[in-house]
Amino acid sequence: MNRKLTDLPSREKTAAMPHVRFFTETIEAGGISPLSFFEAGALINDSHRFYWENASKTMTLVGIGHALTLTDEDGADRFDTIESKWKDYCKALIKEEKDMDPVLFGGFSFDENRSSTPSEWGDFPNALFAVPTFQLKIENGKTLVAINFISEESETVLQFEALRKQRDQLIHMAQVQESVSIEKPALVSMKELCKDHYLKAVKKITEKIQKGEAEKVVIARKLALKFEHPIRPVAALQSVSNEQRDSYNFGLENGGQFFFGATPERLIEIKDGQAFSACVAGSIKRGSSADEDQQFGSELLGDKKNQEEHQYVVDMITGVFESLCASYTAATRPKLMKVRDIQHLHTPVQGRLGAESGIFQFVKALHPTPALGGVPTPVAMELIRQEEDRDRGYYAAPIGWTDASGNGEFAVAIRSALLEEEHAMLYAGGGIVADSEPTQEYEETWVKFRPMLRALGGSLNG
């Protein structure tokens, strides 16, 4: 039963926002497909949506609309800025025990000092986070839908009642509309952007590493696709969710652009005072048979270049856990993480939170990991700016969520694409070290393009 806003408990407001009232109300709703709920947002013409499904497929989040938007254009203190603003709003939160926590979902750009080269990332600032107006959560066999509402007005009953009607409309649409179509769009053209520039950049970086200027630098490139018709974000999500079952599936829509992907790499998860991360670096393709797959995996486990790449990540992440956790543990040697198109070296890390540690502090300290930036980080970032000379936007950057209790999870946005109408931009990169060979690095990026290409109807001709 809906309760009255006049029945909600009062709460002392934070001094920073003395007039803000932050309400949330949750109901149970059975029989809702999360993708159908996501699509219902489009049917009411709301172009501010998000989608999140964790790698274990035990929890799914969908958001429609923006009850609150937090952004940062400058970028210099973006992690601290978003954390500080979110804490202030959480102090103003009014909820009952049975209500689920409001979720803040979003992402950061890879580099706060973004390239001045014209970029396709027009709708995405250095940080973009939002509390959804309508929030769906599926976990432990239970489907919950919440309304989140933030206002500085004293009289909000009529506004909240209108949101309840809209919530009920969304649930009804999600339950009765036809199943989401997964027909893939017709691909008109596929264009490699700046292939020669990429090959030259890899050669230059290798030479700099050989001279001792850095140990590892990650260089990325882009692939532009054009389709016969505009791509529906829900169709892209449906396709990638079906095909990449062992990955984090995510989507973030803002205005006319939609960033989505299926990444195998968790940056940080915090749950009930415990922190979890994963060192993922070093990769090789999957085999065409079980025997060949095992052969490739053994080759990866014994490969010196990939072992060195992986150890850089292990050293960095365990260093962060040592500084932010009261205690931590890490596996002594990597195992294989196998997803549909590629297998990686993988070392899990787990720790107990320090007294003052929070998820944004972990994100700030961990990004970029050596798997996406390089070693040492400041030198690698500067070389990426010089030699890559392209705005990565949110590719290879942190994307994820946190809630009012401090729990949350962020992944690294690789195996991803940016959609806008009938256009898509795909991103892939790899770690360059002293013995890297440009042509081999180039071929490896094609393996990493494959998940998004397949999801969008493209082909690599085997």
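Residues numbered from 1 in each chain as written. Predicted model: local features only at pLDDT ≥ 70, side-chain atom pairs only at ≥ 80, totals over all residues. Heavy atoms only, no water.

**Quick word on the layout of surface pockets**
Reasoning step 1: Quantified by volume, the largest pocket comes out at close to 950 Å³.
Reasoning step 2: Forming the walls of the largest pocket are 45 residues, and the residues nearest its centre are S283, I284, K285, E444 and V447.
Reasoning step 3: Elements represented by at least two residues in the lining of the largest pocket include exactly β11 (216-227), β15 (274-285), α6 (290-302), α7 (304-324), β18 (342-353), β23 (423-432) and α10 (438-455).
Reasoning step 4: Here the lining of the largest pocket gets eight residues from one element, more than from any other, and that element is α10.
Reasoning step 5: Classifying every residue of the lining of the largest pocket by side-chain character gives 15 nonpolar, twelve polar and 18 charged.
Reasoning step 6: Space inside the second largest pocket adds up to approximately 360 Å³.
Reasoning step 7: Along the wall of the second largest pocket there are 19 residues; nearest its centre are M59, K137, E139, K271 and W401.
Reasoning step 8: Grouping the amino acids of the lining of the second largest pocket by side-chain chemistry returns five nonpolar, six polar and eight charged. (1 Å grid on protein atoms, 1.4 Å probe; cavity = no way out; pocket = protein on both sides within 12 Å on 5 of 7 lines; lining within 4 Å. Points joined across faces, edges and corners; volume = space filled by probe spheres on them. Helix = DSSP H or I, 4+ residues; strand = E, 2+ residues; numbered from the N terminus. Nonpolar A, V, L, I, M, F, W, Y, C, P; charged D, E, K, R; others polar.)

**Overview of α6**
Reasoning step 1: In this model α6 runs 18 Å from its N-terminal to its C-terminal C-alpha over 13 residues, within 8% of the 18 Å that 1.5 Å per residue would give.
Reasoning step 2: Regarding α6, the residues found buried are D293, F296, G297 and L300. Projection of α6 onto a plane perpendicular to its axis shows the buried side chains occupying an angular sector of 100°, all on one side. Opposite its buried face, α6 presents the exposed residues D291, Q294, Q295 and G302, each directed more than 90 degrees away. (Expected span 1.5 Å × (residues − 1). Buried < 20%, exposed > 50% of the residue type's maximum accessible area, 1.4 Å probe, protein only. Arc of directions from axis to C-beta.)

**What about the packing of aromatic side chains?**
Reasoning step 1: Tallied over the full model, the rule gives 26 aromatic pairs.
Reasoning step 2: Summarising the aromatic geometry, the rings of F360 and F410 are spaced 5.9 Å apart at their centres and angled 65° between planes, so their arrangement reads as edge-to-face. A residue pair is termed long-range when its members are at least 10 positions apart, and F360 in helix α8 (residues 359-366) and F410 in strand β21 (residues 408-412) qualify at 50 residues.
Reasoning step 3: Residue class for F360 comes out buried when judged on its relative accessible area of 3%.
Reasoning step 4: One aromatic cluster is present, formed by W121, F124, F250, F259, Y394, Y395 and Y427 through successive ring pairs.
Reasoning step 5: Between R49 and the ring centre of F38, over which it is positioned, the NZ or CZ distance is 4.0 Å. (Phe/Tyr/Trp six-rings, centres within 6.5 Å; stacked < 30°, edge-to-face > 60°. Lys NZ or Arg CZ within 6 Å of the ring centre and 35° of its normal.)

**So, the environment of V349**
Reasoning step 1: Take V349: it is sitting in strand β18.
Reasoning step 2: Residue V349 is classed as buried on the basis of its relative accessible area of 3%.
Reasoning step 3: Residues within four places of V349 in sequence aside, it is in contact with A275, F276, S277, C279, I317, T318, F321, Y328, T329 and A330. (Contact = heavy atoms within 4.5 Å.)

**Overview of the pattern of salt bridges**
Reasoning step 1: Enumeration over the complete set of coordinates arrives at 32 salt bridges.
Reasoning step 2: One salt bridge in this structure joins D391 and R114, with 3.2 Å as the shortest N-O distance. Here the residue D391 occupies a position in the loop between α9 (377-387) and β20 (398-403), and R114 occupies one in the loop between β6 (103-108) and β7 (127-131), the gap between them amounting to 277 residues.
Reasoning step 3: A residue is classified by how much of its surface remains accessible, and R114, at 22% relative accessible area, is partly exposed.
Reasoning step 4: E269 serves as the salt-bridge partner of R266, at 2.7 Å between the closest nitrogen and oxygen. (Salt bridge = Lys/Arg side-chain N within 4 Å of Asp/Glu carboxyl O.)

**Considering unusual backbone geometry**
Reasoning step 1: In this structure, the amide linkage connecting H367 to the following residue, P368, adopts the cis form with an omega of -10°.
Reasoning step 2: In this chain, V375 is followed by P376 through a cis amide linkage whose omega measures -15°.
Reasoning step 3: Within the secondary structure layout, P376 lies in the loop between β19 (374-375) and α9.
Reasoning step 4: Residues other than glycine seldom take positive phi values, yet A396 does so here, at roughly 65°.
Reasoning step 5: Looking at A396, the relative accessible area reads 1%, which means it is buried.

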